[in-house]
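In case you want the letters, here they are:
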Amino acid sequence: MKTLIVYTSVHHQNTEKVAKVMAEELEADHIHTGNAQPETLATYDLIGFGSGIYFGKHHKTLLQFVETLPPMTQKRAFVFSTSGDGKIKHHAALKEKLVTRGFAIVDEFCCKGWDTVGPLKLFGGINKGKPDEKDLAAARAFAHGLKNKV
Ligand SMILES: Cc1cc2nc3c(=O)[nH]c(=O)nc-3n(C[C@H](O)[C@H](O)[C@H](O)COP(=O)(O)O)c2cc1C
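Since we're looking at a predicted model, the values are computed, not measured.

> Mind showing me how you'd approach the overall build of the protein here?
When helices and strands are tallied, the protein shows four helices and six strands. When the helices and strands of the protein are placed in sequence order, the string is β-α-β-β-β-α-β-α-β-α. For the protein, the C-alpha radius of gyration of 15 Å lies close to 15 Å, the compact-globule estimate for 150 residues. The C-alpha extent of the protein, read off along each of the three principal axes, is 45 × 30 × 25 Å. The buried share of the protein, reckoned over its 150 residues, is 46%. Summarising the internal contacts of the protein: among those between residues at least 6 apart in sequence, 75% fall at separations of at least 24. Taken as a whole, the protein presents about 7,600 Å² of accessible surface, with 54% of it coming from carbon and sulfur. Here the protein carries 20 positive and 16 negative side-chain charges, and the mean point of each set is 5 Å from the other.

Following this line, the structure appears as structure tokens:
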């Protein structure tokens, strides 16, 4: 199963930590969204899409990248994020776009990430140190579990 992870991580590189652990576990390639082209996906069976959450959705560079993709067949996807509240509900917009393009979504993962947006930075932000070792272990276990789902 050839796997690629496409990710955007701009606030504190929180999501990049998760992406790298997943890539290691899956022996996957990983690429920042800014360096990916639609054709980049061609030779992969499973593609992970992840970023921090910005105003309730994945980062716009990732959402816009998915919008540029042609219709897919036989491609599976998983979705992941880090965010201030660590909630999975923020995945809805990205998942809808992926399904519209023909991806079958096999699973999703989220965890909290250090967040210093707006006034939060005045007192060091929330979730300092996250994703931490426990979060990264959970991300690794998630990636391991994907091997049995596809
Ligand atoms: C401009 C901005 C908007 C954000 N909006 C949300 C949000 O709507 N919900 C949330 O839970 N976290 C929000 N966050 C927190 C980020 O999702 C969190 O810090 C994430 O881990 C950043 O990931 P990154 O370092 O990989 O970019 C926001 C952060 C920034 C800078």
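> Sorry if this is basic, but what is going on with a nonpolar patch on the surface here?
Among the surface-exposed residues, Leu-122, Phe-123 and Ile-126 lie close enough to one another that they form a single nonpolar patch of about 350 Å² accessible area. With respect to the helices, strands and loops of the structure, Leu-122 is situated in the loop between strand E6 (104–112) and helix H4 (133–146).

> How should the pattern of salt bridges be read in this particular structure?
What the rule picks out here adds up to seven salt bridges. Here Glu-25 makes a salt bridge to Arg-140, at a shortest N to O gap of 3.2 Å. In this pair, Glu-25 sits in helix H1 (residues 14–26) while Arg-140 sits in helix H4, placing the two residues 115 residues apart along the sequence. A single salt-bridge network, built from bridges that share partners, covers Glu-24, Glu-25, Arg-140 and Lys-147.

Cut-offs used in this document
- Residues numbered from 1 in each chain as written.
- Predicted model: local features only at pLDDT ≥ 70, side-chain atom pairs only at ≥ 80, totals over all residues.
- Heavy atoms only, no water.
- Helix = DSSP H or I, 4+ residues; strand = E, 2+ residues; numbered from the N terminus.
- Rg over C-alpha atoms; globule rule 2.2 N^0.38 Å.
- Buried < 20%, exposed > 50% of the residue type's maximum accessible area, 1.4 Å probe, protein only.
- Contact = heavy atoms within 4.5 Å.
- Areas by Shrake-Rupley, 256 points an atom, 1.4 Å probe, with all protein chains shown as cover.
- Lys, Arg positive; Asp, Glu negative; His and termini not counted.
- Charge placed at Lys NZ, Arg CZ, Asp CG, Glu CD.
- Patch = residues over 30% accessible without salt bridge, like charges linked within 9 Å, V, L, I, M, F, W, Y side chains within 5 Å.
- Salt bridge = Lys/Arg side-chain N within 4 Å of Asp/Glu carboxyl O.

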